[in-house]
Amino acid sequence: MNNSDWDTSQLRSQKIRQINRQGDGLRIGTGWSERDLSKPQIMIESVYGDSHPGSIHLNQLVEEIRLGVYESGGKPGRHYATDVCDGIAMVHDGINYSLLSRDMLAAMTEMHAMAHPYDALVCVSSCDKANPGHLMGIARVNMPAIHVPGGTQGTGPELLSSEMLYDYGDRMDRGELTFDDLMSYTRNACPSCGACHFMGTASTGQVMSETLGLALPGAALAPASTNHMRMAARAAGQQVMELLRRGIKARDILTREAFENAIIVHAAIGGSSNFLLHLPAIAREAGIEITPEDFDELHRKVPVLANLKTSGKYSAEQFWYAGGVPAIMNEVRDLLHLDCLTVTGHTVGENLEHLKKTGFFTEVRRYLTNFKITWRDVIYPREKPFKPWGAIAVLRGNLAPGGAVTKRSAVPEQMQVHEGRALPFDTEEQAIEALLHGGAKPGDVVIVRYEGPRASGMPEMVRCTEIIANNPELATTTAIITDGRFSGATRGPAVGHISPEASEGGPIALVEFGDIIRIDIPARRLDLVEVIGPDGERTRDPETVEAIMAARRAKWQAPKPRYTTGLLGLYCRSAAPAMEGAYMM
């Protein structure tokens, strides 16, 4: 691109130069030339760092983006704020920082973009909170922008992935495996850089970025160690200059119709329940309201088509070789808004036609011969779906008047409707200890409460769900519910995001041991159906149940805040309800 073809004097960077003469000197002090000062200035915001396999390689993509910007006549500037790894933060208090980190990354993106005189930006991220954090930041600053997903890890031996290490560790503790056995699995669980290769929150986030139109077609979940990723990053650096030239900003792309497309694809891939937190938060930054009912309505219409771990068989790498996001979009194209604008400058429909004409699908599907499978093993047709319903169901009832979320596609058929004895715990640590030592019995409904956004930052409960899923007696008999949240890798009957949360006096705080809870996913209900009265008598009479709950409420006292200082103190004081996105208000 030749900058002489368009007037760059009205760019934000050039206007600010006219009033801040010191800025030019400081930029020259960082290695800019005098010619660089008059070029369009493009921010590259990356979470590159040593935090996990999904961030360690992003510097390579940053360099490709820089080259693309230079080739197109711009001047790139690199900024960094690395993310935390949910897997490394799990099962200790570090996980309480996870959801909060999303909002911090959005804030850092905003701060870097607005404090410096940039004209456009490219964000680079791979994983759980970085993807939505960057998308929130992009929507907030509303500049010409592209998101570059960091791709997926290679597939481990026998489809091994990192969340399986919990089971192998427990088996070693029981004497069923040796330490050397465990380390053999450990060495091979993450065989390359990139996001974890199951359809968890990280993979879902990359898919959502592409479906919203903020990533280039075919970019999400490309194998991170291949040239495809580097070529996509170079192309993003070039294309962001074209967006700037044409004046196409983030909110021109982030329309309500684009979010509906994202929810439809989310259903088809069996996406993470965490995106009931993230998509509403991203939409809010664009001035759009997305509700839990939007998810529930569209997920009723769209079955799961992708046979992907952890509730399916194949890896995210194999999904990309099967055609990735564009292949899924083709399967549901009659439901999509094909006229939505994307960062290519073309519509969703035009992008899909271009990929077909240029041989994208034929090229990537040739890799599947290495695995001796076809693309239809990974992506099912609508008439014969992988699961007969969408990924997510939104439940309501007297236990969740504000709503709750379950990943229906990961729930066994026999647990779609379940009644069981309440087994409440006031912390995740208490629940883990009980589950590891036989404290839960088949049929129970384990409750983990006081783990919502305002109580403790809304941590993930992957350890609890993995203990249940890996126990043959509990896996298809025992449910878990929480005002916290679950990993995108969650398997089994798990209900999260229960609102109002316990610390705000939600009904979940009032449940006592031995009460009976009914989960009815097809009917979208979560109810306390039987309680034990003060006299020890059980009742199912709705009016009596309500009266006993009212009496319990009168005696309930809010616990002292767990966090009063630092970032967690700030977040717990200001977080929105989980069913609204748990963003910092």
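First things first, this report covers the structure right here in the doc.

Scoring rules and cut-offs
- Residues numbered from 1 in each chain as written.
- Predicted model: local features only at pLDDT ≥ 70, side-chain atom pairs only at ≥ 80, totals over all residues.
- Heavy atoms only, no water.
- Core = buried A, V, L, I, M, F, W, Y, C linked by side-chain atoms within 4.5 Å.
- Buried < 20%, exposed > 50% of the residue type's maximum accessible area, 1.4 Å probe, protein only.
- Helix = DSSP H or I, 4+ residues; strand = E, 2+ residues; numbered from the N terminus.
- Contact = heavy atoms within 4.5 Å.
- 1 Å grid on protein atoms, 1.4 Å probe; cavity = no way out; pocket = protein on both sides within 12 Å on 5 of 7 lines; lining within 4 Å.
- Points joined across faces, edges and corners; volume = space filled by probe spheres on them.
- Salt bridge = Lys/Arg side-chain N within 4 Å of Asp/Glu carboxyl O.
- Pairing = 2+ DSSP bridges.
- Right-handed = clockwise from strand over helix to strand, strands pointing away.
- Axes fitted to C-alpha atoms, helices over the stretch in contact; angles between N-to-C directions.
- Parallel < 35°, antiparallel > 145°, perpendicular 65-115°, else oblique.
- Left-handed = near helix turned anticlockwise from the far one by under 90°.
- Nonpolar A, V, L, I, M, F, W, Y, C, P; charged D, E, K, R; others polar.
- Expected span 1.5 Å × (residues − 1).

**Details of the nonpolar core**
Here is step 1 of the chain: Counting 106 residues, the largest nonpolar core has Val-148, Val-207, Phe-259, Leu-279, Phe-319 and Ile-328 as the members making the most contacts within it.
Here is step 2 of the chain: When residues of this core are assigned to their parent elements, the largest contribution, 9 residues, is made by helix H13 (residues 256-269).
Here is step 3 of the chain: If near-sequence neighbours (up to four positions away) are discounted, Val-207 is found in contact with Met-199, Ala-220, Leu-221, Val-265, Ile-269, Phe-319 and Val-325.
Here is step 4 of the chain: Leu-395, Ala-400, Ile-481 and Ile-521 belong to the second largest nonpolar core, which has 29 residues in total.

**Here's the deal with empty space enclosed by the protein**
Here is step 1 of the chain: The final tally for this structure, using the stated rule, is 5 cavities of 30 Å³ or more.
Here is step 2 of the chain: Taken together, Glu-210, Thr-211, Gly-213, Ala-215, Pro-217, Pro-326, Met-329, Thr-342, Val-348, Asn-351, Leu-352 and Leu-355 make up the full set of residues lining the largest cavity.
Here is step 3 of the chain: At the level of elements, helix H10 (201-212), helix H17 (324-331) and helix H18 (348-357) are the ones that each hand at least two residues to the lining of the largest cavity.
Here is step 4 of the chain: If you tally residues by element for the lining of the largest cavity, the top one is H18, at 4 residues.

**Things to note about the pattern of salt bridges**
Here is step 1 of the chain: The full count for this structure, using the stated rule, is 39 salt bridges.
Here is step 2 of the chain: Note that Glu-285 and Arg-140 form a salt bridge whose closest N and O atoms lie 2.8 Å from each other. Remark: Arg-140 occurs in helix H7 (residues 130-141) and Glu-285 occurs in helix H14 (residues 275-285); sequence separation between them is 145 residues.
Here is step 3 of the chain: Take Glu-285: its relative accessible area is 13%, and that puts it in the buried class.

**Quick notes on the pairing of strand E4 (residues 145-149)**
Here is step 1 of the chain: In terms of burial, E4 is a largely internal element, 5 of the 5 residues being buried.
Here is step 2 of the chain: Every second residue of E4 is oriented toward a common face, with Ala-145, His-147 and Pro-149 on one face and Ile-146 and Val-148 on the other, all of them buried.
Here is step 3 of the chain: Bridge count for strand E3 (residues 120-125) against E4 is 5 bridges, and the pairing is parallel. Looking at E4, one finds that Leu-121 is bridged to Ala-145.
Here is step 4 of the chain: Taking the sense of rotation as the criterion, the β-α-β connection linking E3, H7 and E4 turns out right-handed.

**Points about the packing of helix H4 (residues 58-71) against helix H11 (residues 227-246)**
Here is step 1 of the chain: Relative to each other, H4 and H11 sit at 40°, their axes nearing to 7 Å. One way to sum up the angle between H4 and H11 is to call them oblique. In the packing of H4 onto H11, the handedness of the crossing is right-handed. Contacts between H4 and H11 involve Gln-60, Leu-61, Glu-64, Ile-65, Leu-67, Gly-68, Val-69 and Glu-71 from the first element and Met-229, Arg-230, Ala-233, Arg-234, Gly-237, Gln-238, Val-240 and Met-241 from the second.
Here is step 2 of the chain: When its residues are assigned to classes, the contact of H4 with H11 shows 8 nonpolar, 4 polar and 4 charged.

**With respect to H7**
Here is step 1 of the chain: In this model, H7 (12 residues) spans 16 Å end to end at C-alpha, consistent with the 16 Å of a helix rising 1.5 Å per residue.
Here is step 2 of the chain: For H7, the buried fraction is high: 11 of the 12 residues fall into the buried class.
Here is step 3 of the chain: Of the residues making up H7, those classed as buried are Ala-130, Asn-131, Pro-132, Gly-133, His-134, Leu-135, Met-136, Gly-137, Ile-138, Ala-139 and Val-141.

**Some details on the packing of H10 against H13**
Here is step 1 of the chain: In the contact formed by H10 and H13, the axes pass within 9 Å of each other and the chain directions differ by 140°. Compared by their axis directions, H10 and H13 come out oblique. In the packing of H10 onto H13, the handedness of the crossing is right-handed. Counted together, Thr-204, Val-207, Met-208, Thr-211 and Leu-212 of H10 and Ala-258, Phe-259, Asn-261, Ala-262, Val-265, His-266 and Ile-269 of H13 form the full contact between these two elements.
Here is step 2 of the chain: Considered class by class, the residues forming the contact of H10 with H13 number 8 nonpolar, 4 polar and no charged.

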